[in-house]
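Listed here are the chains, written in short residue letters.
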Amino acid sequence: MRAYAKLVNNGLEAFDVVNDLHRQGYTEKEIYVLAHESDRTDRLADAADTNKVGMSEEGMFDTIANLFRTRGDELRNKIEAMGFDPYEASRFEAELDQGKVLVMARQ
């Protein structure tokens, strides 16, 4: 199944999208938020009760490799791990560079 993704401008908009996804039947474990700064991603995921793209989505090799990647490369890898192609991942990552937040979901 193809993953859902929506770019939003800030955390408040992300909360709205997360709430909409919950109403559609997605659980916390199926909804992910991603921001350019990892600490912002952590804060949003904790506040919105969502998941973060991690080892179960990326696999152990990619999770370890992310320690040596630039943040942009790491973000693109996380987005691709959710089922998006490299072009889409690059487009989303460019928006994250501009301060946007990416909300993703997959069942």
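Throughout what follows, the structure given in this document is the object of discussion. (Residues numbered from 1 in each chain as written. Predicted model: local features only at pLDDT ≥ 70, side-chain atom pairs only at ≥ 80, totals over all residues. Heavy atoms only, no water.)

Looking now at the overall build of the protein chain. Of the regular secondary structure elements, the protein chain holds six helices and three strands. Secondary structure elements of the protein chain occur, N-terminal to C-terminal, as β-α-β-α-α-α-α-α-β. Of all 107 residues assigned to the protein chain, the portion counted as buried reaches 42%. When contacts within the protein chain are restricted to residue pairs at least 6 apart in sequence, long-range pairs at least 24 apart make up 60% of them. Element-wise, carbon and sulfur atoms account for 50% of the exposed surface of the protein chain, whose accessible area totals about 5,900 Å². (Helix = DSSP H or I, 4+ residues; strand = E, 2+ residues; numbered from the N terminus. Buried < 20%, exposed > 50% of the residue type's maximum accessible area, 1.4 Å probe, protein only. Contact = heavy atoms within 4.5 Å. Areas by Shrake-Rupley, 256 points an atom, 1.4 Å probe, with all protein chains shown as cover.)

Turning our eyes to something else, we now look at the sheet that holds strand 1 (residues 4-8). Pairing is antiparallel in the open sheet, where three strands are placed in the order 1-3-2. Edge strands, defined here as strands with exactly one partner in the open sheet, are strand 1 and strand 2 (31-34). Geometrically, the sheet is characterised by an average inter-axis angle of 20° between neighbouring strands, direction not taken into account. Packing against the sheet, helix 2 (residues 38-48) makes contact with strand 2 and strand 3 (101-105), and its axis sits at approximately 145° to strand 2. (Pairing = 2+ DSSP bridges. Axes fitted to C-alpha atoms, helices over the stretch in contact; angles between N-to-C directions.)

What follows concerns the packing of helix 5 (residues 71-81) against helix 6 (residues 86-97). Two elements in contact, helix 5 and helix 6, have axes separated by 9 Å at closest approach and are oriented at 130°. Classed by the angle they form, the pair helix 5 and helix 6 counts as oblique. Crossing angle aside, the handedness with which helix 5 passes helix 6 is right-handed. For the pair helix 5 and helix 6, the contacting residues are G72, L75, R76, I79 and E80 in the first and P86, A89, S90, F92, E93 and L96 in the second. In terms of residue class, the contact of helix 5 with helix 6 is built from six nonpolar, two polar and three charged. (Parallel < 35°, antiparallel > 145°, perpendicular 65-115°, else oblique. Left-handed = near helix turned anticlockwise from the far one by under 90°. Nonpolar A, V, L, I, M, F, W, Y, C, P; charged D, E, K, R; others polar.)

Summed over the entire model, instances satisfying the criterion amount to one aromatic pair. With a centroid separation of 5.5 Å and an interplanar angle of 85°, the aromatic rings of F84 and F92 are classed as edge-to-face. Assigned by exposure class, F84 and F92 land together as buried. The ring of F92 has R91 lying over it, and the distance from NZ or CZ to the ring centre is 4.8 Å. (Phe/Tyr/Trp six-rings, centres within 6.5 Å; stacked < 30°, edge-to-face > 60°. Lys NZ or Arg CZ within 6 Å of the ring centre and 35° of its normal.)

Following both chains from N to C, one finds helix 1 (residues 11-23) and helix 2 inclined at 45°, their axes separated by 10 Å at the closest point. Here helix 1 lies oblique to helix 2, going by the angle between them. With respect to the hand of their crossing, helix 1 and helix 2 are arranged in right-handed fashion. Contacts between helix 1 and helix 2 involve G11, F15, V18 and H22 from the first element and R40, L44, A47 and A48 from the second. Here the contact of helix 1 with helix 2 is composed, by residue class, of five nonpolar, two polar and one charged.

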